[in-house]
Amino acid sequence: MSASAAVFSLSQVLVVVALSPLVIGLMRTVRARLEGRVGGGVLQPWRDLRKLLRKEPLVADGRSWWAVAGPLLLMSSSLAVCALTPLLGTVTFDRLPDDLFVVVSVLLLGTVAVALVGLDAGTAFGGMGSSRHMTISALVEPTVLLSVYALSIPVGSSVLSEIVEARLDDPATVLSPVSLLALLALTIAVVAETGRLPVDNPATHLELTMIHEAMVLESSGRDLAWLELGSWLRLGALMGLVSTLLVPWGVASELSVVGLLVAILALAAKLAVAATVLAAVEVALAKVRLFRVPELMAGSFVLAFLAVTASYLVVQG
Amino acid sequence: MPESTYTQLVELSAALLLLCAVLIVWRRSLGAQIRLLAVQGWALAGLVAVLGVHEDSVELVSVAVLVAVLKGVVLPRVLSRTTAADRAAAREETPLINTTASLLAVSFLTMLAYLVSRPVLVLGSTPAVAAVPVGVAMTLLGFLVLSTRRHAVSQLIGFLLLDNGIATVAFLTAGGVPLVVELGVSLDVLLVVLILQVLTSRIRTEFGDADLDDMTELHD
């Protein structure tokens, strides 16, 4: 049991590490093509990473050891998230269930690490970015918890792999109002948490609007590579989670070579479709004003709340 | 139609009705609100059609067609003609309470709807009865839009949302009303909307604005 869980976790980590930069590259390429540009190609993020990893990090005077430790903490929390979420298989360790609350808290660890990196340099932009980042995560948290609570009511457990397994057994539940509302709310929350449009523009370096870029502004070389890869991994894992919940097919429920290969191909296909859709939607969106972000988050909170009430409707009826 | 499909279709259309109501509260652009109202009209027609097919009632299916034509096509078109006149006032700029607060109010009102419709839920465990709170919630949300928006067309949209909610409750609990009564009610709503449309355009030509809060005093 725990041996096959280890195989699944390890392959999840390897596959997501290999795929996330490609997902980012695909999103950038789709965006560039839709805007009439050629774009750097799907492999460009990998080339960027290789370049950054070879470079020596330059640390500004007065920065503490956190400039090195923060990126590593973000990276390890992202790797833990990749290992925990049931992206390829629903087999889990006995002692370490992939409970949603565990996953969210591991994610938050990474969020705090990046925010501290932003504060550590002592520049105005870093502090501003960290403050905005923490505000948004505080607003995202209730939505994530409520929407997964709604998803967990029919299953009776907040363990992600059990939710995915229940959906594999009975695909009709995917189309129920509860799951659609909860997934919509979860999607908005994921988009906000990973700093995509309309909450944060990942391509901007305009002082007044940047959030994620403001926090990593003072990092360079290897540290910057870990920060970038860590946040890409978060995006990849969360996108994989949402698309697995929406389309559970392909996820293996027991260990076999064929099952694992099918699961990897299915995950790659899901991520490719999700990335294309997300990038295509992003082209049509403008970044909302920072003061209207709470509005968006309140909207997704209400959707998650409605999902919870609607699930009681089903249980009673 | 098999029972499970019936249950799923009723749930799906009820969820669509509620989702449209929430999005009407969320969005501030009048064009988007009108489009959502049209989608809601189609969802209501779908709900009636599902109920009609389930009960093998030709009358309900014809009512569904009537609902689709009136609430899905005619009323949205009348409303968009009202707003097409001036592009500048196509947004509800300053609702009485901000969007975040009204979205939180939406969650409280939905909870209230579930609480007050508990006596109805006791009556039976059919999917139609289980969806009654959605109708009550739509009615309450209609009141919310009516009382917090300043723009005349927004208030009209709130009124139609209220009407949709009442119709939903009627169809879910009583299996619909006789065709004659439904025809009368529909014509009533249509007339009210037409009169209010004329009134709104008169207000706008008179005052250059359709903000009802500016009209609290009498003048010669």
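Predicted model, so just to flag it, every value in this text is computed and none were measured.

So, how was this worked out
Going along each chain's sequence as written, the residues are numbered from 1 onward. In the order they appear in the text, chains get letters beginning with A and ligands get numbers beginning with 1. Thresholds applied to this predicted model are a pLDDT of at least 70 for local features of residues and 80 or more for the giving and counting of side-chain atom pairs; totals over whole chains, interfaces and linings are not thresholded and use all residues. Numbering of helices and strands runs from the N terminus, with a helix taken as a DSSP run of H or I at least four residues long and a strand as a DSSP run of E at least two residues long. C-alpha atoms define the radius of gyration in this analysis, and the globule rule sets the expected value at 2.2 Å times the number of residues to the power 0.38. Contact between two residues is assigned whenever their backbone-derived C-beta positions fall within 7 Å. Exposure is read from a count of other C-beta atoms within 10 Å of each residue's own; the residue is exposed at 12 or fewer, buried at 20 or more and partly exposed in between. C-beta atoms are placed from the backbone. The axes are straight lines fitted to the C-alpha atoms, using for helices just the contacting stretch, and the angles between their N-to-C directions are given from 0 to 180°. When the near helix sits turned anticlockwise from the far one by under a right angle, the crossing is termed left-handed; a clockwise turn instead gives a right-handed crossing. Charged residues are taken to be Asp, Glu, Lys and Arg, nonpolar residues to be Ala, Val, Leu, Ile, Met, Phe, Trp, Tyr, Cys and Pro, and polar residues to be all remaining types, Gly included. Here the expected span of a helix is defined as 1.5 Å times the quantity of residues minus one. Roughly parallel here means an angle under 35 degrees, roughly antiparallel means over 145, roughly perpendicular means 65 to 115, and every remaining angle is called oblique. Along the chain, pLDDT gives the predictor's confidence residue by residue, from 0 to 100.

(A) Representation of the overall build of chain A within the structure. Looking only at helices and strands, chain A features 11 helices and zero strands. The linear arrangement of helices and strands in chain A, starting from the amino end, is α-α-α-α-α-α-α-α-α-α-α. Over its C-alpha trace chain A gives a radius of gyration of 19 Å, about what one expects of a compact globule, namely 20 Å for 317 residues. With the C-alpha coordinates of chain A rotated into their principal frame, the extents come out at 60 × 45 × 45 Å. Counted over contacts in chain A with a minimum sequence separation of 6, partners at least 24 positions apart contribute 81%.

(B) Region of interest: the overall build of chain B. Helix and strand counts for chain B stand at nine helices and zero strands. Secondary structure elements in chain B, listed N-terminal to C-terminal, are α-α-α-α-α-α-α-α-α. Its C-alpha atoms give chain B a radius of gyration of 18 Å, near enough to 17 Å, the size a compact globule of 220 residues would have. If you line up chain B on its principal axes, its C-alpha atoms span 60 × 35 × 25 Å. Taken over 220 residues, chain B has a buried fraction of 44%. Intrachain contacts of chain B at a sequence separation of at least 6 include 73% that bridge at least 24 residues.

(C) Layout of the packing of helix α4 (residues 99-116) of chain B against helix α7 (residues 132-148) of chain B. Residue and element names in this part refer to chain B. Two elements in contact, α4 and α7, have axes whose closest approach is 8 Å; the angle formed by their N-to-C orientations is 140°. Handedness of the crossing formed by α4 with α7: right-handed. Along its contact with α4, which presents Ser-102, Ala-105, Val-106, Leu-109, Thr-110, Leu-112, Ala-113, Tyr-114 and Val-116, the element α7 presents Pro-133, Val-136, Ala-137, Leu-140, Leu-141, Leu-144 and Thr-148. The residue inventory of the contact of α4 with α7, partitioned by class, reads 13 nonpolar, three polar and no charged.

(D) Region of interest: the interface of chain A and chain B. Residue-level contacts link 16 residues of chain A with 20 residues of chain B. Contributions of two or more residues to the side of chain A that touches chain B are made by α7 (177-193) and α11 (293-316) of chain A. It is α11(A) that contributes the most residues to the side of chain A that touches chain B, 12 residues altogether. Here the residues of the side of chain A that touches chain B are counted per class, giving 10 nonpolar, five polar and one charged.

(E) Inspection of helix α10 (residues 257-284) of chain A at higher detail. Relative to the 40 Å expected for 28 residues at 1.5 Å per residue, α10(A) spans 41 Å between its end C-alpha atoms, a close match to the ideal helical length. Contacts from the buried residues of α10(A) go to α1 (2-34) and α9 (221-246) of chain A.

(F) Here's a closer look at the packing of helix α1 (residues 3-26) of chain B against α7(B). All names here are of chain B. At a minimum axis distance of 10 Å, the contact between α1 and α7 shows a crossing angle of 15°. Classified by the angle their axes make, α1 and α7 are roughly parallel. Crossing of α1 over α7 shows left-handed handedness. Note on element contacts: α7 touches α1 through Val-134, Ala-137, Met-138, Leu-141, Leu-144 and Val-145, opposite Ala-14, Leu-17, Leu-18, Ala-21, Ile-24 and Val-25. Here the residues of the contact of α1 with α7 are counted per class, giving 12 nonpolar, no polar and no charged.

(G) View of the confidence of the model for chain B. Looking at chain B as a whole, its pLDDT mean stands at 84, while 92% of the residues score no less than 70. Here helix α6 (residues 127-130) of chain B stands out as the least confident element of chain B, with mean pLDDT 80; α7(B) is the most confident, with 91.

(H) Representation of α7(B). The end-to-end C-alpha distance of α7(B), which contains 17 residues, comes to 25 Å, matching closely the 24 Å that a straight helix rising 1.5 Å per residue would cover. Burial within α7(B) is extensive, with 13 of its 17 residues counted as buried.

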